[in-house]
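These are the residues of each chain, in order.
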Amino acid sequence: MAENKRDYYEVLGVDKNASADAIKKAYRKKAMQYHPDRNPGDKEAEAKFKEAGEAYEVLSNEEKRARYDQYGHQGVDPNFNPGFGGFGGGFGGFGDFGDIFGDIFGGGSQRSTANAPRRGENVASRLDLTFEEAAFGAEKEVSATRIENCAACHGTGSADGVIDTCSNCRGTGTVRTTQNFMGMTMQSTAPCPVCGGRGKTIKTPCNTCKGKGKVRRTQKIKVKVPAGVDADQTVRVRGEGCVGSNGGPNGDLLVQISIKRHKIFERDGADVLCELPISFTQAALGAEIEVPTLDGKMTYTIPEGTQSGTTFRLANKGIPYVGNRNRRGDQLLTVVVETPTHLNKEQKDLLRQLDNSLDSSGTPKIKKFFDSVKEFFE
């Protein structure tokens, strides 16, 4: 919500009189500081990077910046209607000053924006990916319900294509009313009751859309998922949202990502985590073991004397960074030494012989622990 947003000038660290060049330099500095490639896995940095981008999008555009300076965050909302225009109408009958009181009389304070271009609304969908699809990217299809122009009437709302300018509002979509308030004459604007604020009238409405010119449909939309995308991130597909009005641009499709659990791997940012169970003998004597990676199987040498919980790093065997497929995280192999169970008598005797043959130099952690216990009770 707008009230939760920080001031855009504060976000970029510039004052309200900053030049376009100063705003551009400030944005570049913030973008470099918080770019995801420089802060892998840092959610706070990612949020600040997006916040800086949003601020720059508004402040780098003269028209949006002017609306933001006048109305704040709500001024750059595509659906915002500024209501009244101050005292620009003069005081001959109070002009537009009466719009301040429009809501008191139920007339509202809308300006003639019914025919202005409006951006379509965004639509949301969800996409389940496998671990590998999220790691290396994929092209998928999602279902999304959106508002489209009616194909039967080509978005006009008219069955015969005949559209007339509303005679009541003369195409403005609004009408001005005059009312008395405390001895003063007040003027306010409201949507035209004849055309519903559209500024146009249709004699023969389209049967498919009932004269609205738009219909709600569920469509299959292709989504290119970038390599390295993570769970709960959103992929934006430009222009695949609801259709705009009066020539305005379409909204976007926002696809929230979820990732299915993998049987072997887990993920920590761009790193892949994998537990590697090995036997007591392999840990003690060392071994060459075939291990899984996202790129396929590879042989890894476990050194002798490896302890359970030891982690080995396989460089560049992790997940690609979003926007940079040539840079990847690592794979972390954590060894888990499995203690044998269900031993027969012969196996138990052999293990006892091994244990009796070992001196304290072969088990330094055990020696250290019991030395500490002895000191504790002395």
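Before reading further, recall that the structure is shown in the block above.
Residues numbered from 1 in each chain as written. Predicted model: local features only at pLDDT ≥ 70, side-chain atom pairs only at ≥ 80, totals over all residues. Heavy atoms only, no water.

Each pocket or cavity is described by its volume, and for the second largest pocket that value is around 840 Å³. If you trace the second largest pocket, you find 24 residues lining it, with F280, A284, L358, G362 and T363 closest to the centre. Sort the elements by how many residues they give to the lining of the second largest pocket and helix 6 (residues 280-285) lands first, with five residues. Of the residues in the lining of the second largest pocket, the class split is twelve nonpolar, eight polar and four charged. (1 Å grid on protein atoms, 1.4 Å probe; cavity = no way out; pocket = protein on both sides within 12 Å on 5 of 7 lines; lining within 4 Å. Points joined across faces, edges and corners; volume = space filled by probe spheres on them. Helix = DSSP H or I, 4+ residues; strand = E, 2+ residues; numbered from the N terminus. Nonpolar A, V, L, I, M, F, W, Y, C, P; charged D, E, K, R; others polar.)

It is worth spelling out the sheet that holds strand 10 (residues 265-268) at this point. Ordered by their spatial adjacency, four strands build an open sheet running 10-11-17-14, and the pairing between neighbours is mixed. Of all strands in the sheet, those with a lone pairing partner are strand 10 and strand 14 (311-314), marking the two edges. Strand-to-strand, the axes of this sheet are offset by a mean angle of 30°, without reference to chain direction. (Pairing = 2+ DSSP bridges. Axes fitted to C-alpha atoms, helices over the stretch in contact; angles between N-to-C directions.)

Further remarks concern helix 2 (residues 20-34). Compared with the 21 Å implied by 1.5 Å per residue over 15 residues, the 21 Å span of helix 2 between its first and last C-alpha is a close match. Listed as buried for helix 2 are I23, A26, A31 and Y34. Along the axis of helix 2, the buried positions cluster into a sector of 135°, meaning they face one direction only. Of the exposed residues in helix 2, the ones pointing more than 90 degrees away from its buried face are K25, R28 and K29. Where helix 2 is buried, its residues meet helix 1 (8-12), helix 3 (43-59) and helix 4 (62-71). (Expected span 1.5 Å × (residues − 1). Buried < 20%, exposed > 50% of the residue type's maximum accessible area, 1.4 Å probe, protein only. Arc of directions from axis to C-beta. Contact = heavy atoms within 4.5 Å.)

This brings us to unusual backbone geometry. For N246, which is not a glycine, the phi torsion comes out positive at approximately 55°. Mapped onto the secondary structure, N246 falls in the loop between strand 8 (234-237) and strand 9 (253-259). Positive phi values are uncommon outside glycine, yet H342 reaches one of about 55°. Mapped onto the elements of the fold, H342 is located in the loop between strand 17 (331-338) and helix 7 (345-357).

On to the packing of aromatic side chains, then. Within the structure shown, the criterion is met by five aromatic pairs. Where Y300 meets F312, the ring centres are 5.5 Å apart and the plane angle is 55°; that geometry is what we call tilted. Placement of Y300 in strand 13 (residues 296-302) and of F312 in strand 14 is noted, with a sequence separation of twelve residues between them. Members of the aromatic cluster, each reached through a chain of ring pairs, are Y8, Y9 and Y68. Directly above the ring of Y321 sits R327, whose terminal nitrogen or CZ lies 4.1 Å from the centroid. (Phe/Tyr/Trp six-rings, centres within 6.5 Å; stacked < 30°, edge-to-face > 60°. Lys NZ or Arg CZ within 6 Å of the ring centre and 35° of its normal.)

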